[in-house]
Amino acid sequence: MRYWLFKSEPSTWSWEDQVAKGDAGEEWDGVRNYQARNFMREMAVGDRGFFYHSQKEKAVVGTVEVIAEAHPDSTTDDERWECVDIKALEPAKTPATLEQIKSDERLSKMVLVNNSRLSVQPVTPDEWQIICEWAGLNR
DNA sequence: GCCAACGTTGGC
DNA sequence: GCCAACGTTGGC
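Just so you know, these numbers come straight off a predicted model, no measurement behind them.

## Considering the UniProt feature "domain: EVE" (unreviewed entry) in chain A
Part 1 of the reasoning: Residues given the UniProt feature "domain: EVE" (unreviewed entry) here are residues 2-133.
Part 2 of the reasoning: In residues 2-133, the share of helix is 25% and the share of strand is 36%. The end C-alpha atoms are 18 Å apart.

## Overview of the protein's contact with DNA strand C
Part 1 of the reasoning: Every residue lining DNA strand C is accounted for by Lys-7, Glu-9, Ser-54, Gln-55, Lys-58, Leu-98, Ser-116, Arg-117 and Ser-119.
Part 2 of the reasoning: Among the residues making up the surface near DNA strand C, the classes are represented as 1 nonpolar, 4 polar and 4 charged.

## Focus: the protein's contact with DNA strand B
Part 1 of the reasoning: The local shell around DNA strand B consists of Asn-33, Tyr-34, Gln-35, Asn-115 and Arg-117.
Part 2 of the reasoning: The residue inventory of the surface near DNA strand B, partitioned by class, reads 1 nonpolar, 3 polar and 1 charged.

## Remarks on the pairing of strand E5 (residues 82-97)
Part 1 of the reasoning: The pairing of strand E2 (residues 26-27) with E5 spans 2 bridges and is antiparallel. If you follow Glu-26 over to E5, its bridge partner there is Ile-86.
Part 2 of the reasoning: Judged from the 10 bridges that link them, strand E4 (residues 59-72) and E5 form a sheet pairing that is antiparallel. The residue bridging Glu-65 from the neighbouring strand is Lys-87, located in E5.

## As for helix H5 (residues 125-135)
Part 1 of the reasoning: Of all the positions in H5, only Glu-127, Trp-128, Ile-131, Cys-132 and Ala-135 are classed as buried. Considered in projection along H5, the buried side chains sweep an arc of 130° and stay on one side of the axis. Residues of H5 that are exposed and point more than 90 degrees away from the buried face comprise Pro-125, Asp-126 and Glu-133.
Part 2 of the reasoning: Close packing links the buried residues of H5 with strand E1 (3-8), strand E3 (48-53), E4, E5 and strand E6 (120-123).
Part 3 of the reasoning: Phi turns positive one or two residues past the end of H5, at Gly-136, with a value near 70°.

## A closer look at the pairing of E1
Part 1 of the reasoning: Among the 6 residues in E1, 6 count as buried, and that is most of the element.
Part 2 of the reasoning: Covered by surrounding structure in E1 are Tyr-3, Leu-5 and Lys-7 together with Trp-4, Phe-6 and Ser-8, the residues of both alternating faces.
Part 3 of the reasoning: Note that E1 and E3 share 6 bridges and pair parallel. When the sheet's bridge partners are listed, Trp-4 is paired in E3 with Gly-49.
Part 4 of the reasoning: Looking at chain direction, E1 and E6 are connected through 4 bridges and run antiparallel.

## Brief notes about the environment of Val-31
Part 1 of the reasoning: Take Val-31: it is sitting in the loop between E2 and helix H2 (34-42).
Part 2 of the reasoning: According to the C-beta neighbour criterion, Val-31 is buried, with 21 such atoms within 10 Å.
Part 3 of the reasoning: Put simply, Val-31 and Thr-63 are 32 residues apart on the chain and 19 Å apart in space, counted from C-alpha to C-alpha.

## Things to note about the nonpolar core
Part 1 of the reasoning: In this structure, Trp-4, Phe-6, Phe-50 and Val-60 are the most contacted members of the largest nonpolar core, which totals 35 residues.
Part 2 of the reasoning: For this core, the secondary-structure elements that each account for two or more residues are E1, H2, E3, E4, E5, E6 and H5.
Part 3 of the reasoning: When residues in this core are grouped by element, the largest group, 6 residues, is from E5.
Part 4 of the reasoning: In contact with Val-60, other than residues within four places in its own chain, are Phe-50, Tyr-52, Ala-92, Pro-95, Ala-96, Ile-131 and Ala-135.

Basis of the calculations
- Residues numbered from 1 in each chain as written.
- Chains lettered and ligands numbered in written order.
- Predicted model: local features only at pLDDT ≥ 70, side-chain atom pairs only at ≥ 80, totals over all residues.
- UniProt positions renumbered as here; feature names shortened; annotations may be inferred.
- Helix = DSSP H or I, 4+ residues; strand = E, 2+ residues; numbered from the N terminus.
- Near = placed C-beta within 6 Å.
- Nonpolar A, V, L, I, M, F, W, Y, C, P; charged D, E, K, R; others polar.
- Pairing = 2+ DSSP bridges.
- Buried ≥ 20, exposed ≤ 12 C-beta atoms within 10 Å, placed from the backbone.
- Arc of directions from axis to C-beta.
- Contact = placed C-beta atoms within 7 Å.
- Core = buried A, V, L, I, M, F, W, Y, C linked by C-beta atoms within 7 Å.

Printed below as a string of structure tokens:
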């Protein structure tokens, strides 16, 4: 199983919106970036991801699970763009903030720290564990 | 609200 | 194929 991070502006699509979809989940659509798309193509059903709120909150607010592999993005006719489906898994008891992540040497290589604009990113098992502990998540 | 970083586009 | 111009994103 691999780990990922999904970033969203809460004003567009928030953790609460994701939770409201329940186990049926929802397409992670609207990605128009090749790097992000390529990461989604690598995902398998059962992979886990952090759900990150950008802009005002800047924190990991919960975990999600990949429930469908990459398929055409239904919001466009452009065949280049694909997306996976994800469902909300568990809310963070204490959201792990960007400030906290940046202050920890062990997380200095995270994509979130070094390429903040990439909306879909890989996360290493070590990074996953550290942030889960902070946020009170059960992995 | 500003600006740096990054990706994309289009003219040559 | 290069590069300047432009648009978008996201942290501050």
